[in-house]
Amino acid sequence: MRCAYCKVLACVSGSKNFPKNCPMSNFADVLERARNEYQRDEKVKKIASIAGIVEASGYIEWPRLREIIEFARLIDARKIGLAFCIGLRDEAAVVSQILERAGFEVYSVNCKVGSIPKEELGIPKDYQWVSKTGYVIGFVTCNPIGQAMLLNAYGTDLNVMLGLCVGHDTLFIKFSEAPVTVLAAKDRAFGHSPLLAIYTYYGKKYLEKYLEEKRER
Ligand code: SF4
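Residues numbered from 1 in each chain as written. Predicted model: local features only at pLDDT ≥ 70, side-chain atom pairs only at ≥ 80, totals over all residues.

Trainee: So what's going on with the overall build of the chain? Which residues, and what values?
Mentor: What the chain contains, in helices and strands, is ten helices and six strands. When the backbone C-alpha atoms are referred to their principal axes, the chain occupies close to 55 × 55 × 35 Å. Restricting the contact set of the chain to residue pairs at least 6 apart, pairs at least 24 apart contribute 54%. (Helix = DSSP H or I, 4+ residues; strand = E, 2+ residues; numbered from the N terminus. Contact = placed C-beta atoms within 7 Å.)

Trainee: Give a description of the packing of helix α7 (residues 144-153) against helix α8 (residues 168-175) that names residues and reports values.
Mentor: For any two helices packed against each other, the geometry comes down to the angle between their axes and how far apart the axes lie. Contact geometry of α7 with α8 gives a least axis separation of 8 Å together with a crossing angle of 30°. Considering the angle they form, α7 stands roughly parallel to α8. Judged by the twist between their axes, the crossing of α7 over α8 is right-handed. Along its contact with α7, which presents Pro-144, Ile-145, Gln-147, Ala-148 and Met-149, the element α8 presents His-168, Asp-169, Leu-171, Phe-172 and Phe-175. Looking at the contact of α7 with α8, its residues break down into seven nonpolar, two polar and one charged. (Axes fitted to C-alpha atoms, helices over the stretch in contact; angles between N-to-C directions. Parallel < 35°, antiparallel > 145°, perpendicular 65-115°, else oblique. Left-handed = near helix turned anticlockwise from the far one by under 90°. Nonpolar A, V, L, I, M, F, W, Y, C, P; charged D, E, K, R; others polar.)

Trainee: Tell me what's going on with the sheet that holds strand β1 (residues 79-84), and back it up with residues and numbers.
Mentor: The strand order across the open sheet formed by four strands is β2-β1-β5-β6, and the pairing between neighbours is parallel. Since the sheet does not close on itself, it has two edges, and those belong to β2 (105-110) and β6 (180-184), each with one partner. Within the sheet, the average angular offset between the axes of one strand and its neighbour, ignoring direction, is 25°. Both β1 and strand β5 (residues 158-162) contribute to a ladder of five bridges, which runs parallel. Note that in β5 the partner of Ile-80 across the bridge is Leu-158. (Pairing = 2+ DSSP bridges.)

Trainee: With reference to specific residues and values, describe the site of the ligand.
Mentor: Every residue close to the ligand is listed here: Cys-3, Cys-6, Val-8, Leu-9, Ala-10, Cys-11, Phe-18, Pro-19, Cys-22, Pro-23 and Met-24. Contributing elements (two or more residues each) for the shell around the ligand: α1 (10-13) and α2 (23-26). A breakdown of the residues in the shell around the ligand according to their chemical character gives eleven nonpolar, no polar and no charged. (Near = placed C-beta within 6 Å.)

Trainee: Mind laying out the environment of Glu-70, listing which residues take part and the relevant values?
Mentor: With respect to the helices, strands and loops of the structure, Glu-70 is situated in helix α5 (residues 64-74). For Glu-70, a count of 17 C-beta atoms within 10 Å puts it in the partly exposed group. In sequence terms Glu-70 and Pro-117 are 47 residues apart; their C-alpha atoms lie 38 Å from each other. (Buried ≥ 20, exposed ≤ 12 C-beta atoms within 10 Å, placed from the backbone.)

Laid out in structure tokens, this is it:
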């Protein structure tokens, strides 16, 4: 399955002329099961349909924060969980206030909640305190399971991730009982806009060099 390289895009046009390796011809049964899921569970269908309404309502013009507010309103969310990274606590305070002003009950939770030492998770000593790039990162691990479980305990209707680390976000999504959406993906090098790594000259150069070095090793 290599949709990323497809130039035919039969899925977009609705054509039956599928290209080679197209999952619409190779895995029609899987896609049929997926299609049935939207009908099997009313909540799933509602999320899917409201996602489409929000997309169409503000296409190109709405910032993602507004899209989240409109989406949350339309799925009748009252309580919003905000799982944020300690490094984005200032941004979290602003986002929390905006969500409150938009009428939601907001429950925000810091990634370091629970104070679990990195040692306890088997993170080697030389990956604690100071990063390999020379920044102080402390001895307390991020605790995405704790963040998710606390928001579960508050009975949130929608959880928003703000800058959780790669992998910590994985666990947060896995343990969250409420549906999850992301406001910002952490990318300290690129202002939490990960695609700048492929849009910008510097980003492309950086990735090129990195991949070259990886190949040589
Ligand atoms: S689903 Fe088929 S037509 Fe659509 S992008 Fe993938 S390979 Fe191309």
